Amino acid sequence: MDTKRCYEEIESFCKWKKGEKQSTIETKRTYEVIEPYCKWKMGEKCDSLEVYLHGFGHGDVVVKPNIRGSLIISGERPMDGTLTKWKRLKKEIPVSKKYKTKEIHPKFEGGTLIIEMPKRDLLSRFKDGVWQTVQFAIVIVVGVAVGAFVKKFF
């Protein structure tokens, strides 16, 4: 983006709608980092995490998975109607393998973020555990076979 266009966009942002007067919007923000209160509710088929976010709205908060298998809850909002003082949050929630990660979904109800995490059934968890054990055993057998071959012929 060229500097002239960037300057024009900033200038148009700073002008009042009723005239050509420029506003005195302070662009430097200060942040108060908050640690939200979280509460787990365990169920038979689904667990849910309630994150209490007093003052935050639906559009202020983002929930997304990361590559480490956790959920990242982040957001920010202005405090007391000012544009210089903001509240910010960022929380990482580890997600156990007992949950169906593709079916986890958040919803926002009255200042509370509710993340529902459906549980995997015991059979599928058992199958995954058995499969991991089989894969490990295959690696061991191949390693031993290669070692015996190298010892015999080299």
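Quick note: structure is the one above.
Residues numbered from 1 in each chain as written. Predicted model: local features only at pLDDT ≥ 70, side-chain atom pairs only at ≥ 80, totals over all residues. Heavy atoms only, no water.

**Section: the side chain of Glu 50**
Applicable threshold: Helix and strand labels come from DSSP, where a helix needs a run of H or I of at least four residues and a strand needs a run of E of at least two; each type is numbered from the N terminus. The definition of a polar contact used here is a pair of N or O atoms within 3.5 Å, where within protein one atom must be able to donate a hydrogen and the other to accept one, and adjacent residues in sequence count solely through side-chain atom pairs. Here, two residues are considered to be in contact whenever any of their heavy atoms come within 4.5 Å of each other.
Mapped onto the secondary structure, Glu 50 falls in strand β3 (residues 46-52). Only 3.3 Å separates the side chain of Glu 50 from the side chain of Lys 41, close enough to count as a polar contact. Looking at Glu 50, its side chain comes within polar contact range of the side chain of Tyr 52, at 2.6 Å. The contacts of Glu 50, once residues within four sequence positions are left out, are Tyr 37, Cys 38, Lys 39, Lys 41, Thr 112, Leu 113 and Ile 114.

**So, the pairing of β3**
Condition: Categorising residues by exposure relies on relative accessible area from a 1.4 Å probe, with only protein chains included: less than 20% of the type maximum marks a residue as buried, more than 50% marks it as exposed, and the intermediate range marks it as partly exposed. Strands are labelled as partners when DSSP assigns at least two bridges between them.
Of all 7 residues in β3, 5 are buried; the element is thus mostly enclosed. As defined by bridge partners, β3 adjoins strand β8 (residues 112-118) across 7 bridges and the pair is classed as antiparallel. Within the sheet, the bridge partner assigned to Glu 50 lies in β8 and is Ile 114.

**Concerning the environment of Ile 114**
Among the secondary structure elements, Ile 114 is positioned in strand β8. With 75 residues separating them along the chain, Ile 114 and Lys 39 place their C-alpha atoms 9.6 Å apart. Leave out the neighbours within four places in its chain, and Ile 114 touches Ser 48, Leu 49, Glu 50, His 105, Pro 106, Lys 107 and Glu 109.

**Observations regarding the environment of Val 63**
Along the polypeptide, Val 63 turns up in strand β4 (residues 61-65). Using a relative accessible area of 24% as the deciding quantity, one classes Val 63 as partly exposed. Separated by 29 residues in the primary sequence, Val 63 and Glu 92 place their C-alpha atoms 9.7 Å from one another. Dropping the residues within four chain positions of it, Val 63 is found in contact with Leu 71, Ile 72, Ile 73, Pro 106, Leu 113 and Ile 115.

**Here we look at the nonpolar core**
Filter applied, for reference: Nine residue types can take part in a nonpolar core, namely buried Ala, Val, Leu, Ile, Met, Phe, Trp, Tyr and Cys, and a core is a set of them joined through side-chain atoms within 4.5 Å.
Ranked by size, the top nonpolar core spans 17 residues in total, and within it Leu 53, Val 61, Leu 71, Ile 73, Leu 113, Ile 115 and Met 117 carry the most contacts. Those elements giving two or more residues to this core turn out to be β3, β5 (70-78), β6 (85-94) and β8. With 3 residues, β8 is the largest single contributor of residues to this core. Dropping the residues within four chain positions of it, Leu 71 is found in contact with Val 63, Lys 64, Pro 65, Lys 91, Glu 92, Ile 93, Val 95, Ile 104, Ile 115 and Met 117.

**Let's talk about the packing of aromatic side chains**
Definition in use: Ring geometry is summarised as follows: Phe, Tyr and Trp rings, the Trp one being its six-membered ring, pair when their centres sit within 6.5 Å, and such pairs are stacked at plane angles under 30 degrees, edge-to-face over 60 and tilted between the two. By definition, being over a ring means that NZ of Lys or CZ of Arg is both within 6 Å of the ring centre and within 35 degrees of the ring normal.
Applying the stated criterion across every chain, the model contains 2 aromatic pairs. Residues Tyr 37 and Tyr 52 carry aromatic rings whose centres are separated by 5.5 Å and whose planes lie at 25° to one another, so their mutual orientation is stacked. In this pair, Tyr 37 sits in strand β2 (residues 37-41) while Tyr 52 sits in strand β3, placing the two residues 15 residues apart along the sequence. Of the residues examined, Tyr 37 reaches a relative accessible area of 53% and is grouped as exposed. Residue Tyr 52 is classed as partly exposed on the basis of its relative accessible area, which comes to 32%. Ring centres of Phe 149 and Phe 153 lie 4.9 Å apart, and the angle between their planes is 50°; on these two criteria the pair is classed as tilted. Linking Phe 149 with Phe 153, this pair stays in helix α2 (residues 122-153), spanning 4 residues, or about one helical turn. Judged by relative accessible area, which is 48%, Phe 149 ranks as partly exposed. Given the relative accessible area of 53%, Phe 153 is considered exposed. The ring of Trp 86 is capped by Arg 29, whose NZ or CZ atom sits 3.7 Å from the centre of that ring.

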